[in-house]
Amino acid sequence: MIKPFTGTELRRVLGAFATGVTVVTTIDRDGRPSGLTVNSFSSVSLDPPLVLWSQSRTAPSHSVFQQADRFAVSILAADQIHVSERFSRKSTDKFEGVRTIAGLGGIPLIDGAAAHVECRSVVRYPGGDHTIFIGEVERIHRSTRQPLLFGIGRYLHADAFDSPHPHMNAIAMARQSAARLSLELGESTGVGVWGNQGPTIIGWWGE
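Residues numbered from 1 in each chain as written. Predicted model: local features only at pLDDT ≥ 70, side-chain atom pairs only at ≥ 80, totals over all residues. Heavy atoms only, no water.

It is worth spelling out the overall build of the chain at this point. Secondary structure assignment for the chain yields four helices and 14 strands. Every one of the 207 residues in the chain was classed for burial, and the buried ones make up 35%. Considering only residue pairs separated by 6 or more positions, the chain has 57% of its internal contacts joining residues 24 or more positions apart. When the accessible surface of the chain is summed, it comes to about 12,800 Å², and 56% of that surface belongs to carbon and sulfur atoms. (Helix = DSSP H or I, 4+ residues; strand = E, 2+ residues; numbered from the N terminus. Buried < 20%, exposed > 50% of the residue type's maximum accessible area, 1.4 Å probe, protein only. Contact = heavy atoms within 4.5 Å. Areas by Shrake-Rupley, 256 points an atom, 1.4 Å probe, with all protein chains shown as cover.)

Pro48 follows Asp47 through a cis peptide bond whose omega is 0°. Tracing the backbone through its elements, the reader meets Pro48 in the loop between strand S4 (42-46) and strand S5 (49-56). Backbone geometry places Ile152, a non-glycine residue, at a positive phi of 45°. Following the sequence through the fold, Ile152 ends up in the loop between strand S11 (148-151) and strand S12 (154-157).

With respect to the secondary-structure elements, Gly128 resides in the loop between strand S9 (115-127) and strand S10 (130-142). Once the C-alpha coordinates of Gly128 and Arg57 are considered, the two residues, 71 residues apart in sequence, prove to be 8.9 Å apart.

This part covers the side chain of Ser84. Mapped onto the elements of the fold, Ser84 is located in helix H3 (residues 81-88). Setting aside anything within four residues of it in sequence, one finds Ser84 in contact with Val21, Thr37, Leu76, Leu148 and Tyr155.

The pairing of strands in a sheet comes from backbone hydrogen bonds and takes either a parallel or an antiparallel form. Strand order in the open sheet formed by three strands is S1-S11-S12, with antiparallel pairing between adjacent strands. The sheet terminates laterally at strand S1 (19-20) and S12, the two strands that pair on one side only. Pairing of S11 with S12, which is carried by four bridges, proceeds in the antiparallel orientation. Counted as the bridge partner of Leu149 is Leu156 from S12. (Pairing = 2+ DSSP bridges.)

Here we come to a nonpolar patch on the surface. Nonpolar side chains collect at one region of the surface, where Phe5, Leu10, Val13 and Leu14 lie side by side and expose about 420 Å² of accessible area between them. Position of Phe5 among the secondary structure elements: in the segment before helix H1 (7-14). (Patch = residues over 30% accessible without salt bridge, like charges linked within 9 Å, V, L, I, M, F, W, Y side chains within 5 Å. Salt bridge = Lys/Arg side-chain N within 4 Å of Asp/Glu carboxyl O.)

With that out of the way, let us pick up the sheet that holds S10. Taken together, seven strands build an open sheet; the order of strands is S3-S2-S6-S9-S10-S5-S4 and the sheet is antiparallel. Of all the strands in the sheet, the pair left with one neighbour each is strand S3 (33-38) and S4. Strand-to-strand, the axes of this sheet are offset by a mean angle of 30°, without reference to chain direction. Here four bridges tie strand S2 (residues 22-27) to strand S6 (residues 70-75), and the two strands are oriented antiparallel to one another. Residue pairing across strands places Val23 opposite Ser74, the latter belonging to S6. (Axes fitted to C-alpha atoms, helices over the stretch in contact; angles between N-to-C directions.)

For H3, every residue scored as buried is listed here: Ile81, Val83, Ser84 and Phe87. Projected down its long axis, H3 shows its buried positions confined to an angular sector of 160°, all on one face. (Arc of directions from axis to C-beta.)

Following this line, the structure appears as structure tokens:
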């Protein structure tokens with residue numbers, strides 16, 4: 001027997017799949033910008049270069065994206081939680097106080113993002129209570145900044161676990177924990193190690 005589940009339970013389970021955090025932007029027919037925080041962004045194909053993202057059909061900007069010929073994806077950097085929060089909430093002007101640069105077709109890109117992906121909208125599919133947008137990538141940019149992650153209901157800090165040395169993996173775990181504590185407690189946190197010159201701080205989060 002298949003046990004029924006609620007939308008809340010499904011959201012909690014899917015939250016175990018950590019993703020990047022993006023802001024998807026476009027402009028309407030009058031050149032006014034629209035944007036929202038999206039973590040449903042994903043690669044579809046490399047040849048041709050295609051990406052997708054999905055938006056709730058009840059979102060205020062849904063009709064704008066439905067009619068738009070283009071959209072841009074700004075993959076947020078680790079220190080841009082405030083940008084993610086701003087574009088995830090309803091506002092008369094989400095772009096107020098947010099630094100942007102003009103992309104293809106005049107579509108705003110979030111300045112300081114980890115990466116930008118600029119697309120021509122090619123197809124839209126109904127997906128339950130969402131619309132799935134597929135775009136053909138026309139221009140890309142990658143900075144050296146670390147990306148912001150989201151999973152298990154909170155923002156996360158990216159650290160690689162690619163070292164063959166167990167102590168390096170332990171450091172990576174400590175860095176992730178310190179970053180999470182800083183966000184949860186609203187306090188500064190740090191990670192230190194004991195080196196040949198004594199204790200050394202190797203990571204610091206917060207003010």
